[in-house]
Amino acid sequence: MNDIARDPVTALPVGPQNIPDSQGINFFRVDPDFAGLLRLHLGEAQYRALEPQLDALGQRASDELDAWAISADHNPPLLRHRTRRGEARQSIDKHPAYVALERVAYAELGLASMSHVGNAQPALVKYALTYLFVQAEFGLCCPVSMTDSLTRTLRKFGDPTLVARYLPKLTSRDFDALYQGAMFMTEQAAGSDVARIATRAALETAPDGTRTWRLYGDKWFCSNADADLAMVLARPDGAPSGIRGLALFLLPRTLRDGTRNQYRIVRLKDKLGSRSMASGEIVLEGAEAYLIGEIGRGFHQMADMINMSRLSNGVRAAGLMRRATTEALHIAGRREAFGRKLIDMPLMQRQLLKMLLPTEQARSMFMHIAQLLPLADAGDEHAAKCVRILTPMIKFRACRDARRVTGDAMEVRGGTGYIEEWSDARLVRDAHLGSIWEGTSNIVALDIARAVKREGALEPLRTYLLGLLESVTVPPQSDAQLRATLDRVCHTIDHVAETGGDELVRQAGSALYHIATAILMAVEGVRLAPDYRRLALAHLVLRHKLLPVDPLALPEDDSALLSDALVKQREVAFALAMQALPRGRAQ
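All of these numbers come straight from a predicted model, not from anything done at the bench.

Basis of the calculations
- Residues numbered from 1 in each chain as written.
- Predicted model: local features only at pLDDT ≥ 70, side-chain atom pairs only at ≥ 80, totals over all residues.
- Heavy atoms only, no water.
- Helix = DSSP H or I, 4+ residues; strand = E, 2+ residues; numbered from the N terminus.
- Rg over C-alpha atoms; globule rule 2.2 N^0.38 Å.
- Buried < 20%, exposed > 50% of the residue type's maximum accessible area, 1.4 Å probe, protein only.
- Contact = heavy atoms within 4.5 Å.
- UniProt positions renumbered as here; feature names shortened; annotations may be inferred.
- Phe/Tyr/Trp six-rings, centres within 6.5 Å; stacked < 30°, edge-to-face > 60°.
- Pairing = 2+ DSSP bridges.
- Axes fitted to C-alpha atoms, helices over the stretch in contact; angles between N-to-C directions.
- Parallel < 35°, antiparallel > 145°, perpendicular 65-115°, else oblique.
- Left-handed = near helix turned anticlockwise from the far one by under 90°.
- Patch = residues over 30% accessible without salt bridge, like charges linked within 9 Å, V, L, I, M, F, W, Y side chains within 5 Å.
- Areas by Shrake-Rupley, 256 points an atom, 1.4 Å probe, with all protein chains shown as cover.
- Salt bridge = Lys/Arg side-chain N within 4 Å of Asp/Glu carboxyl O.
- Lys, Arg positive; Asp, Glu negative; His and termini not counted.
- Charge placed at Lys NZ, Arg CZ, Asp CG, Glu CD.
- Expected span 1.5 Å × (residues − 1).

Let's talk about the overall build of the chain
Scanning the chain for helices and strands turns up 18 helices and eleven strands. Here the C-alpha radius of gyration of the chain, 24 Å, is about what a compact globule of 587 residues would show, namely 25 Å. The 587 residues of the chain split such that 59% are buried. Look at the contacts in the chain between residues 6 or more apart in sequence, and 74% of them connect residues 24 or more apart.

The following block contains the structure:
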C-alpha cells in the first residue's frame with residue numbers, strides 16, 4: 001500500500017493524544033443499525049451470506065481504501081494529448097491509488113456488473129456495498145454508477161447485436177478486459193434545458209454503401225471522459241427542434257478495427273470535489289456511433305439512465321452522511337474537554353442528533369427504493385410509479401442534507417477538520433456534487449411535481465406507505481399522526497403540482513420526503529422491536545420537520561435520555577421512543 005498511498009498516521013508521535021483518529025475501525029461494525037436493517041430487508045439467510053463481505057469491506061474502507069482515496073484526491077488525473085514521439089494519441093494518466101480503487105470496485109466487488117450477470121444479486125446488495133465503499137471513495141462511484149446504468153439502458157433499448165457485442169465486456173470482472181461507461185449529455189447552452197441540445201447526428205454513406213451514424217458537436221461536462229462506451233444525446237439531421245427531435249447513441253472510444261474514434265478530450269475539469277475522477281470537455285468530430293432505440297425517444301431512453309444515476313446519487317449522499325456521522329461520533333466519544341467527553345455534553349448531543357436524523361432518513365429511503373426496483377422492472381406498474389417519484393425525492397433531499405451533515409461533522413472535529421490530511425474537507429467538497437449533477441435541486445424538485453401531475457405517481461406512493469403502516473402494529477398515537485400528516489402532505493403537493501406553483505415545489509417535495517421517511521422508519525422500528533430507535537427517529541421527523549414548532553417554546557418533556565441513547569447507539573425502549581412523539585399535534 002505504501003507505494004501508492006501514504007499512511008496518514010504513521011508520522012504521529014507516540015503518546016496520549018486528544019485528536020481521535022478513526023483509521024482502522026470497522027465502518028460496518030460501528031454502525032449497528034446497518035446490520036439490523038439489512039437483516040430485516042434481506043432476510044436472515046441472505047444477510048448471513050453477505051455479512052462476511054460487508055465486514056471485510058467495512059474494515060478496508062477505513063484503512064487501505066481511505067488511504068488510497070486521500071492519495072487519489074491529492075493527485076488528480078492528467079490528460080496527455082500526444083505520445084513522446086509526437087503522435088496525437090490521447091490518454092488520461094490516473095494515479096495508481098485510483099487504479100487500485102477501480103480494481104476493488106469493478107473487479108473484486110463487481111459493483112457495476114452484479115445487476116446484469118446471470119444470477120444477479122438483489123439491488124439492495126449492490127447499494128449496500130456501494131454505501132460502504134463510498135464512505136472511503138466518492139469520485140469513483142460516479143463512473144461505477146454510469147457503467148451500471150449504461151448497461152441497464154443498453155439492455156433495455158439496444159439492438160440485440162449491440163447487446164451481444166458489448167454486454168460481456170461491461171459485465172466482466174477481469175480488470176484488464178472490462179469496459180467502463182459514461183454519459184455525455186451536457187452542453188454549454190443545454191444544461192438542464194435538454195431540449196436545446198445541438199450536437200448533430202448525421203447518417204453518412206461510405207463508398208461501399210455502408211451507412212454509419214456520425215456525431216458532430218461539443219459536450220461540456222463528460223465525467224469518466226476516457227470511458228470505453230458512452231451514451232450520447234444528439235439531434236439527427238432533419239429532426240424537429242426540442243426534446244422530440246433527440247436520439248440516443250452509443251459511442252465507443254475504440255472502433256472495431258482498433259483505431260481511436262473521432263472525438264477529442266479538449267481538457268479536464270479542475271473540480272471542487274470528486275478530484276480523483278476525470279471529467280472533461282469533448283469535441284465530436286464525426287465520431288462513429290450506434291443508434292439506440294427510436295429517433296425522437298432519445299431523451300426518454302436517457303431518462304432511465306439519468307434516474308438510475310439519481311438513485312445512485314442518493315445512495316452516495318447517504319454514505320457520505322454516514323461517514324461524516326461516524327467520524328463525529330468517534331471523535332465525540334473519545335475527545336475530552338472541560339473534564340467531560342464531548343458526547344456527554346447536551347449541546348453536542350443535540351448537534352450529533354441533527355446529523356443522525358437525515359442520515360437515517362436517507363438510509364431507509366434508498367433501502368426501500370432498492371426493494372421496489374426489481375418489482376418495477378418486472379412490470380409492476382404500482383412499484384414503477386413509486387420508484388418514479390421516490391427517486392427524485394431522495395436525489396433532491398438527501399443530497400442537500402449531505403452538504404449540511406458533512407459541514408457539521410467538520411465542526412465537531414474543530415480546526416483539525418479543516419486540514420486536508422483528514423477526511424472532513426474531502427467529504428464537504430464531495431457532498432456538494434450530489435445536488436448539482438443529474439439535475440440541480442430546483443430541476444429535481446420540479447420533477448417530483450411532474451411525477452405527481454403527469455404520471456399519477458402520488459396515489460400509488462400513498463397506497464404503498466399506508467400498506468406499510470397496515471402491515472405492522474404501529475402504536476395508535478403514532479399511527480394517527482403519521483396518517484393525518486400524510487393526508488395533509490399529499491393534499492399540499494397535489495395542489496402545488498396541479499396549480500403549477502413552482503415556487504412551492506421544494507417545500508412540498510421536502511414534506512413528502514419527510515413523511516415518507518417517517519413512515520418507513522416507524523415501520524422498521526416496530527419490526528425491529530424491542531429496539532425502538534427507528535420509531536423514535538420517526539417521531540423526531542414529525543416533531544422537527546413536519547409539525548408546527550414554536551421557536552420560543554421550551555420542551556415539555558425531558559428528551560435528554562433519548563438523545564443520549566440515540567447518539568451513543570444504544571437500544572431504545574418503547575416508552576422512551578414514544579416520548580419523542582409530539583402530543584396533541586395531529587391535524
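Having seen the structure, we can now continue with the description.
Description of the UniProt feature "domain: Acyl-CoA oxidase/dehydrogenase middle" (unreviewed entry) in the chain
According to UniProt, the "domain: Acyl-CoA oxidase/dehydrogenase middle" (unreviewed entry) feature falls on residues 182–285. For residues 182–285, the helix share is 0%, the strand share is 47%, and the end-to-end C-alpha distance is 18 Å.

Thoughts on the packing of aromatic side chains
If you walk through the whole model with that rule in mind, you get eight aromatic pairs. Seen in terms of ring centroids, Tyr166 and Tyr179 are 6.3 Å apart; in terms of plane orientation they differ by 35°. Their pairing is tilted. Taken together, the residues span a long stretch of sequence, with Tyr166 in helix 7 (residues 160–170) and Tyr179 in the loop between helix 7 and strand 3 (181–184) at a distance of 13 residues. Given the relative accessible area of 5%, Tyr166 is considered buried.

Notes on unusual backbone geometry
Note: most residues except glycine have negative phi, and most peptide bonds are trans. With an omega of 15°, the peptide bond between Ala529 and Pro530 qualifies as cis. In this structure, Pro530 sits in the loop between helix 15 (505–527) and helix 16 (533–546). Unusually for a residue other than glycine, Glu438 sits at a positive phi of about 55°. Tracing the sequence through the fold places Glu438 in the loop between helix 11 (424–434) and helix 12 (441–453). By relative accessible area, Glu438 is classed as buried at 17%. Positive phi, close to 55°, is recorded for Gln569, a residue that is not glycine.

Regarding the pairing of strand 5 (residues 211–223)
Bridge count for strand 4 (residues 200–205) against strand 5 is six bridges, and the pairing is antiparallel. Bridging across to strand 5, Leu203 finds its partner in Trp213. If you look at the hairpin formed by strand 4 and strand 5, you'll find five residues sitting between the two strands, and Gly209 has a positive phi there, around 90°. Here nine bridges tie strand 5 to strand 9 (residues 279–292), and the two strands are oriented antiparallel to one another. In the strand pairing of strand 9, Gly217 is matched with Leu284.

Let's talk about the packing of helix 8 (residues 298–334) against helix 11
Axis angle and axis distance: for two packed helices, these are the angle between their axes and the distance between the axes, and together they describe the pair. Where helix 8 meets helix 11, the axes come as close as 10 Å, and the angle between the chain directions of the two elements is 155°. Taken together, helix 8 and helix 11 sit at an angle that is classed as roughly antiparallel. Handedness of the crossing formed by helix 8 with helix 11: left-handed. Residues Asn313, Leu320, Arg323 and Ala324 of helix 8 lie in contact with helix 11, whose contacting residues are Leu427, Asp430, Ala431 and Gly434.

Quick look at a positive patch on the surface
Together, Arg350, Lys354, Arg404 and Lys545 give the surface a local cluster of positive charge. One can find Lys354 in helix 9 (residues 346–377). A residue is classified by how much of its surface remains accessible, and Lys354, at 47% relative accessible area, is partly exposed.

Some remarks on helix 16
The end-to-end C-alpha distance of helix 16, which contains 14 residues, comes to 19 Å, matching closely the 20 Å that a straight helix rising 1.5 Å per residue would cover. Within helix 16, twelve of the 14 residues are buried, which leaves the element mostly enclosed by the surrounding structure. Here helix 16 has its buried residues at Arg533, Arg534, Leu535, Ala536, Leu537, Ala538, His539, Leu540, Val541, Leu542, Arg543 and Leu546. Against the buried residues of helix 16 lie helix 1 (32–42), helix 9, helix 14 (476–499), helix 15, helix 17 (560–567) and helix 18 (574–579).

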